[in-house]
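Fold and contact review
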Amino acid sequence: MRALLGGAIDIVFGIGGGFLFRICGWVCVYYVVFISLAIFSTSIGAACCFDWPLSGSSFLRRFQACLLECLKSRYYFYSRTRIGYYYHQQDIKKAKEKLGDNGHSELTDFEYGNLTVLPIPMLLDNYAYLVTDKKNGKNILIDPGHAEAVQRVLNSRNIQPDAILVTHKHWDHSGGNDELKGHFPNVPLYGGAEDNVPGITRTLVDKETFDFGDLHFKVMFTPGHTVGHIVYLLDGKPFDAPDSLFSGDHVFIAGCGRMFEAKPSVMLASLDKILTLPNETLLWPGHEYAKENLEFACNIDSENSEAQRKLEWVESRRESSLCTCPSSIGEEKSFNPFLRTSEEAILRQLGMIDCGDFTTPSDEIRARALAMIREQKDKFNYKL
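Our subject in this report is the structure included herewith. Fair warning: this is a prediction, and the values are worked out from it, not measured in the lab.

Moving on: the side chain of Asn139. Tracing the backbone through its elements, the reader meets Asn139 in strand E4 (residues 138–142). For Asn139, the side chain forms a polar contact with the side chain of Thr132, separated by 2.8 Å. Excluding residues that lie within four positions of it along the chain, Asn139 makes contacts with Leu130, Val131, Thr132, Ile159, Gln160, Pro161, Asp162 and Ala163.

When two helices pack together, you describe them by how their axes are tilted relative to each other and by the distance separating the axes. Between helix H8 (residues 264–275) and helix H13 (residues 363–380), whose axes approach to 9 Å, the crossing angle comes to 100 degrees. When the axis of H8 is compared with that of H13, the two are roughly perpendicular. Along its contact with H8, which presents Pro264, Ser265, Met267, Leu268, Leu271, Asp272 and Leu275, the element H13 presents Asp363, Arg366, Ala367, Leu370 and Ala371. Split by residue class, the contact of H8 with H13 holds eight nonpolar, one polar and three charged.

Right, let's talk about the sheet that holds strand E11 (residues 244–248) for a bit. The strands making up a sheet associate through hydrogen bonds between their backbones, and the pairing can be parallel or antiparallel. Ordered by their spatial adjacency, six strands build an open sheet running E8-E9-E10-E11-E14-E15, and the pairing between neighbours is mixed. Each edge of the sheet is formed by a strand with only one pairing partner; in this case those strands are strand E8 (209–212) and strand E15 (327–328). Bridge count between E11 and strand E14 (residues 282–285): four bridges; the pairing is parallel. In the strand pairing of E14, Ser244 is matched with Leu282.

With respect to burial, strand E2 (residues 115–122) is a largely interior element, eight of its eight residues being buried. Pairing between strand E1 (residues 110–112) and E2: three bridges, direction antiparallel. Opposite Glu111, over in E2, you have Thr116 as the bridge partner. Counted along the chain from E1 to the antiparallel partner E2, the turn is two residues long, and its residue Gly113 has a positive phi close to 65 degrees. Judged from the eight bridges that link them, E2 and strand E3 (residues 126–133) form a sheet pairing that is antiparallel.

Take helix H5 (residues 147–157) next. Along H5, the positions that sit buried rather than exposed are Ala147, Ala149, Val150, Gln151, Val153 and Leu154. Where H5 is buried, its residues contact E2, E3, E4 and helix H7 (177–183). Just downstream of H5, Asn158 is the residue with a positive phi angle, here 55 degrees.

Tallied over the entire structure, the rule returns 23 salt bridges. Between Glu148 and Lys96 there is a salt bridge whose closest N-O contact spans 2.8 Å. One end of the pair, Glu148, is in helix H5; the other, Lys96, is in helix H4 (residues 82–99), and 52 residues separate them in sequence. Taken together, the shared-partner salt bridges connect Lys96, Asp101, Glu148 and Arg152 into one network.

Phe217, Tyr232 and Phe246 are the most contacted members of the largest nonpolar core, which totals 39 residues. Formed by 26 residues, the second largest nonpolar core is a distinct cluster that contains Leu268, Ile300, Leu339 and Ala367.

Scanning the model with the defined rule gives 16 aromatic pairs in all. A centroid spacing of 5.8 Å and a plane angle of 75 degrees characterise the contact between Tyr129 and Trp284, whose relative ring orientation is edge-to-face. Remark: Trp284 occurs in strand E14 and Tyr129 occurs in strand E3; sequence separation between them is 155 residues. Residues Tyr129 and Trp284 agree in their burial class; the two are buried. Here the aromatic residues Phe110, Tyr127, Tyr129, Phe246 and Trp284 are joined through ring pairs into a cluster of three or more. Over the aromatic face of Tyr85 sits the side chain of Arg82, whose NZ or CZ is 4.4 Å from the ring centroid.

Turning to the environment of Glu280, a few remarks are in order. Within the element layout of this structure, Glu280 appears in the loop between H8 and E14. Sequence separation of Glu280 and Asp243 is 37 residues, and the distance between their C-alpha atoms is 7.5 Å.

Reading guide: rules and limits
Residues numbered from 1 in each chain as written. Predicted model: local features only at pLDDT ≥ 70, side-chain atom pairs only at ≥ 80, totals over all residues. Heavy atoms only, no water. Helix = DSSP H or I, 4+ residues; strand = E, 2+ residues; numbered from the N terminus. Polar contact = N/O pair within 3.5 Å; in protein donor to acceptor, adjacent residues only side chain to side chain. Contact = heavy atoms within 4.5 Å. Axes fitted to C-alpha atoms, helices over the stretch in contact; angles between N-to-C directions. Parallel < 35°, antiparallel > 145°, perpendicular 65-115°, else oblique. Nonpolar A, V, L, I, M, F, W, Y, C, P; charged D, E, K, R; others polar. Pairing = 2+ DSSP bridges. Buried < 20%, exposed > 50% of the residue type's maximum accessible area, 1.4 Å probe, protein only. Salt bridge = Lys/Arg side-chain N within 4 Å of Asp/Glu carboxyl O. Core = buried A, V, L, I, M, F, W, Y, C linked by side-chain atoms within 4.5 Å. Phe/Tyr/Trp six-rings, centres within 6.5 Å; stacked < 30°, edge-to-face > 60°. Lys NZ or Arg CZ within 6 Å of the ring centre and 35° of its normal.

Given below as structure tokens:
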């Protein structure tokens, strides 16, 4: 395609017309493309307005603004239409080519009395979870983004799920819903009421509870990554175990999800909910991001020995393709920078306070800090 466009430009500007003309041609082509996309974007409220004629600096500003709006439009189509499902299938194909059927991590059962939690590796770095109450024979699937990967595990263990829980609408977490409904038509699919999750049969709201055998789940509404993101808190008492938080893309080991659909203040309030949980609560995130996240945590807080120690442990695990979950909320409080926006060390590193006496920051300052940490993280190593 690039070659064809280049040929067209040569014809328009004259074959052999020189490098400068070719560059100008590319600028014109891109300008036309972005204008077209901007006009198209009006249907979803993301249009760019161009005033004619444009000066050089004005052109660049409008070009950047149009690019931003086009990226927003791209995210809209990925997250809210079947176009996103097509790209999700391409991601599955790429992961298979790179990793084969075994996935990015070895299957490892974590047992707590009669409770078993199995992280199921999918795509390049996703996890679905199979949660089993062995006493009552109940099996719950969480975030089955790739039906084939999940079905392979279910078949190998002769298991039929009693329910499917989904944290949010992104295809790498919900992309297997429809196919699994075909395999298990009577199995309910749960998802947040405000997130337009594909294929769900029951919507959930904040603080709602539901049970399967001794598996007692509570919903926590955690908008930020998406407008209707939820997480699932499993009561550990029936198993003499800590509670378990299945956090989707809200909180990762040493990280948190990008703020696609909410302001930093909204994400901050959602993260603060996590800080209220007991320190021993186990964290089961939706991605294997621990190594990259901890590298950033050590970069932003170089004197944090807990982050350094955890990074060394994670690196040794990943050398053998072993999963790094679960973490605990207590651990996360010690090294996750996205949960430490009220701490002096983080705010000083961000340049938000001077060398004077430290006072507890306001939520407004903490939200600004969260936005700055997110920006620095994206520049350091981009993860969702």
